[in-house]
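# Descriptive structure summary
Residues per chain are reported as follows:
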Amino acid sequence: MRRVDEIFTNLYSVVFYRSLRFSNFSDSEGFMIIEIEGIDGVGKTTQCELLKGHLQQQGRNAVIVKDLESTELGRNVRKVLVGDGSRPPATELFSFLACKAQLFSEVVVPTISDGGIVICDRGIGSLMSYFEFFGFLKPFLLHATELATNGLRPDITILIDVTVEEATRRKEGKTEQSKFDRMDNEFFRRQRASFLELAELPSWVVVDGNLTTEEMHAYISDLVEKTLFTQTKPLV
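## A word on the overall build of the chain
Secondary structure assignment for the chain yields nine helices and five strands. Ordering the α and β elements of the chain from the N terminus gives α-β-α-β-α-α-β-α-α-β-α-α-β-α. Within the chain, the fraction of its 236 residues that count as buried is 49%. For the chain, the exposed area adds up to about 11800 Å²; of that, 53% sits on carbon and sulfur atoms.

This is how it looks when you write it as structure tokens:
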């Protein structure tokens, strides 16, 4: 039975990720969805801010989004999810999906419709790696995410990768921590493994998280410019 599930998962992934994207935006130019991923402590938010500044200096409309922070619905749901109360994983999953659907409807689609660039501080990879840890199967998560985003996919996903030990060291001075920050190292090891598996997809790029902030920013900016200005947007 496990072998059948693995075959189905692989087949589903190929069909799903090779589907045509952005069919409703064929007349827009320069739009882009970028996701920056990685376990807690790798420097995602810093790189999102630096990339946004870089793109704005070029005269481009760029916005940073987070599932649980960039809409009123997301902020209200976050107040519940980051608390210490116990909830079934399915409750959390569908809460995240509702927030993602609202985010794409309210922010992402209008931005790319106007030719803007959306930078996601975490994205589909984080949702999948988090809920796979709690036993949800990849085909189900892929399909549920497709429904929430109406089939829209990132043009490029940048995975900032460091060891769990290094990420933990970097978080030592962090004063405010939600329950997601307080997950144990076994969770983060499995999440990192899930990210690296996803990074085998053509539109994912792994960046060495041990680079300096400036080196990483230069590398990420170059990746984005090549993807954006050559118009060779890879399929996920």
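And the narrative resumes.
## Regarding the nonpolar core
Counting residues in each nonpolar core, the largest one holds 50 residues, and the members touching the most others are Ile 34 and Ile 119. If we ignore the near neighbours within four places in the chain, the residues touching Ile 34 are Leu 51, Ile 117, Val 118, Ile 119, Cys 120, Ile 156, Ile 158 and Val 224. One finds Ile 33, Ile 112, Val 118 and Leu 152 within the second-largest nonpolar core, a separate group that totals 11 residues.

## With respect to the packing of aromatic side chains
By the definition in use, this model includes 12 aromatic pairs. Here the aromatic rings of Phe 96 and Phe 131 are separated by 5.7 Å at their centres, their planes lie at 75 degrees, and the arrangement is edge-to-face. With a gap of 35 residues between them, Phe 96 in helix H4 (residues 89-113) and Phe 131 in helix H5 (residues 124-133) connect regions that are remote in the sequence. Just as Phe 96 is buried, Phe 131 falls in that class too. Both rings, one in Tyr 130 and one in Phe 131, keep their centres 4.8 Å apart while their planes meet at 85 degrees; by these two values the pair is edge-to-face.

## Here we look at the pattern of salt bridges
This model, assessed by the stated rule, comprises 13 salt bridges. Here Asp 161 ties to Arg 192 by a salt bridge, and the two come within 2.8 Å at their closest N and O atoms. With a gap of 31 residues between them, Asp 161 in strand E4 (residues 156-161) and Arg 192 in helix H8 (residues 185-198) connect regions that are remote in the sequence. Across the salt bridge formed by Asp 222 and Lys 226, the nearest N and O atoms sit 3.2 Å from each other.

## Observations concerning unusual backbone geometry
Of note in the backbone geometry, Arg 122 takes a positive phi value of approximately 80 degrees without being a glycine. Residue placement: Arg 122 occurs in the loop between strand E3 (117-121) and H5. Among the residues examined, Arg 122 registers a relative accessible area of 24% and is labelled partly exposed. In this structure, Asn 150 takes a positive phi of about 55 degrees despite not being glycine. Considering the arrangement of structural elements, one finds Asn 150 in the loop between helix H6 (138-149) and E4. When its relative accessible area of 64% is taken as the criterion, Asn 150 is described as exposed.

## With respect to the confidence of the model for the chain
Per-residue confidence for the chain gives a mean pLDDT of 85, with 81% of residues at or over 70. Within the chain, the element-level pLDDT minimum falls on helix H1 (residues 2-17), averaging 42, and the maximum on strand E2 (residues 62-65), averaging 98. This model gives residues 1-28 a pLDDT under 50, and the stretch forms 42 contacts once residues within four places in sequence are excluded. Taken as a whole, residues 232-236 scores under 50 in pLDDT and shows 22 contacts with residues more than four places along the chain or in a different chain.

## Considerations on the environment of Lys 66
Following the sequence through the fold, Lys 66 ends up in the loop between E2 and helix H3 (72-81). It is 6.1 Å that separates the C-alpha atoms of Lys 66 and Cys 120, two residues lying 54 residues apart in sequence. What Lys 66 contacts, discounting residues up to four positions off in sequence, is Thr 45, Leu 103 and Asp 121.

## Concerning the packing of H5 against H8
Following both chains from N to C, one finds H5 and H8 inclined at 130 degrees, their axes separated by 9 Å at the closest point. Relative to H8, H5 is oriented oblique. You can see that H5 and H8 cross each other, and the crossing is right-handed. Residues Gly 125, Ser 126, Ser 129, Tyr 130, Glu 132 and Phe 133 of H5 touch H8, and the partners they reach there are Glu 186, Phe 187, Arg 190, Gln 191, Ser 194, Phe 195 and Leu 198. Residues belonging to the contact of H5 with H8 are distributed by class as follows: five nonpolar, five polar and three charged.

## Thoughts on H5
Buried residues dominate H5, accounting for eight of its 10 residues. Following H5 by one or two positions, Gly 135 adopts a phi angle in the positive range, close to 100 degrees.

What counts and what doesn't
- Residues numbered from 1 in each chain as written.
- Predicted model: local features only at pLDDT ≥ 70, side-chain atom pairs only at ≥ 80, totals over all residues.
- Heavy atoms only, no water.
- Helix = DSSP H or I, 4+ residues; strand = E, 2+ residues; numbered from the N terminus.
- Buried < 20%, exposed > 50% of the residue type's maximum accessible area, 1.4 Å probe, protein only.
- Areas by Shrake-Rupley, 256 points an atom, 1.4 Å probe, with all protein chains shown as cover.
- Core = buried A, V, L, I, M, F, W, Y, C linked by side-chain atoms within 4.5 Å.
- Contact = heavy atoms within 4.5 Å.
- Phe/Tyr/Trp six-rings, centres within 6.5 Å; stacked < 30°, edge-to-face > 60°.
- Salt bridge = Lys/Arg side-chain N within 4 Å of Asp/Glu carboxyl O.
- pLDDT = per-residue confidence, 0-100.
- Axes fitted to C-alpha atoms, helices over the stretch in contact; angles between N-to-C directions.
- Parallel < 35°, antiparallel > 145°, perpendicular 65-115°, else oblique.
- Left-handed = near helix turned anticlockwise from the far one by under 90°.
- Nonpolar A, V, L, I, M, F, W, Y, C, P; charged D, E, K, R; others polar.

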